[in-house]
Amino acid sequence: MFDKRRLGRVRLDPDLSGLGPDAEGMEPAEFRDRLLRGTSAVKARLLDQSVLAGVGNLLADETLWQARISPKAPVRDLTRTDLDRLHRNLDRALERAIANGGVHTGEVIEHRHPGGHCPRCGTEMVHGTVGGRSTWWCPQEQV
Ligand SMILES: [Zn+2]
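The model shown is predicted, which means the values in this text are computed figures rather than measured ones.

Asker: Can you help me understand the coordination of the zinc ion in this one?
Answerer: Ideal donor angles around a metal are set by the shape: a four-donor tetrahedron calls for 109.5 degrees, a six-donor octahedron for 90 or 180 degrees. Distances from the zinc ion to its protein donors, Cys118 (SG), Cys121 (SG), Cys138 (SG) and Glu141 (OE), fall within 2.1 to 2.3 Å. Of note is the zinc ion, whose 4 donor atoms meet at the metal with angles of 97 to 117° in an arrangement that counts as tetrahedral. Considered as a linear motif, the donors of the zinc ion on their single chain read C-x2-C-x16-C-x2-E. Placement of Cys121 in the loop between helix H5 (80-100) and strand E1 (126-130) and of Glu141 in the segment after strand E2 (133-137) is noted, with a sequence separation of 20 residues between them.

Here is the structure:
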């Protein structure tokens, strides 16, 4: 698929040539393959711009919450079913962010604060650092 945006980015800044392919529009097999080239926590793999480009901190938290996957899970502990569910949820989260005006509109984003509760099950959200970034997740559903 021809991607004008990516072409433009690489042309404008040669330092970005180490970027992975855009998360948007990636095939499931390529998504699984690229994530599984490393061993770190799944959130760290999602944020690594050499794995796939375009996933920031909020989008990663939203996607992992939607997919009910722990951000701290080593990527190689995830099953193919988990990775495919993660991929589908990333696509949906990207589509919704574009339609609604940004990743801050994600369902779980406004609950990422001390005392915030999971909008799905009501459990208090927990906080930690994963992949060097501030991370919030539901300890009940993202295990
Ligand atoms: Zn929950």
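Having seen it, we continue.
Asker: Help me understand the nonpolar core in this model?
Answerer: Here is a general trend for soluble globular proteins: nonpolar side chains tend to be buried in one another's company. The biggest cluster of nonpolar side chains holds 23 residues, and the ones touching the most others in it are Leu35, Val42, Leu52 and Leu86. Contributing elements (two or more residues each) for this core: helix H2 (28-35), helix H3 (42-47), helix H4 (57-67) and H5. Ranked by the residues each element gives to this core, the list is headed by H5, at 5 residues. Setting aside chain neighbours within four positions, we find Leu52 in contact with Gly20, Pro21, Ala23, Met26, Phe31, Leu35, Leu46 and Leu90. If you look at the next biggest cluster of nonpolar residues, it comprises 7 residues, including Val108, Ile109, Cys118 and Met125.

Asker: How do you make sense of the side chain of Thr63 when you look at a structure like this?
Answerer: On the secondary structure map, Thr63 appears in helix H4. Discounting chain neighbours no more than four positions away, the residues touching Thr63 are Leu86, Asn89, Leu90 and Ala93.

Asker: Teacher, can you tell me more about the environment of Ser70 here?
Answerer: Relative to the assigned elements, Ser70 resides in the loop between H4 and H5. Taking the C-alpha atoms as reference, Ser70 lies 8.2 Å from Glu141; in sequence the two are 71 residues apart. In terms of polar contacts, Ser70 uses its side chain to reach the backbone amide nitrogen of Lys72, at 3.1 Å.

About the cut-offs
- Residues numbered from 1 in each chain as written.
- Predicted model: local features only at pLDDT ≥ 70, side-chain atom pairs only at ≥ 80, totals over all residues.
- Heavy atoms only, no water.
- Donors = N, O, S within 2.8 Å, 3.2 Å for Na, K, Ca; no water.
- Tetrahedral: all angles 85-135°; square planar, octahedral: opposite > 155°, others 65-115°.
- Helix = DSSP H or I, 4+ residues; strand = E, 2+ residues; numbered from the N terminus.
- Core = buried A, V, L, I, M, F, W, Y, C linked by side-chain atoms within 4.5 Å.
- Buried < 20%, exposed > 50% of the residue type's maximum accessible area, 1.4 Å probe, protein only.
- Contact = heavy atoms within 4.5 Å.
- Polar contact = N/O pair within 3.5 Å; in protein donor to acceptor, adjacent residues only side chain to side chain.

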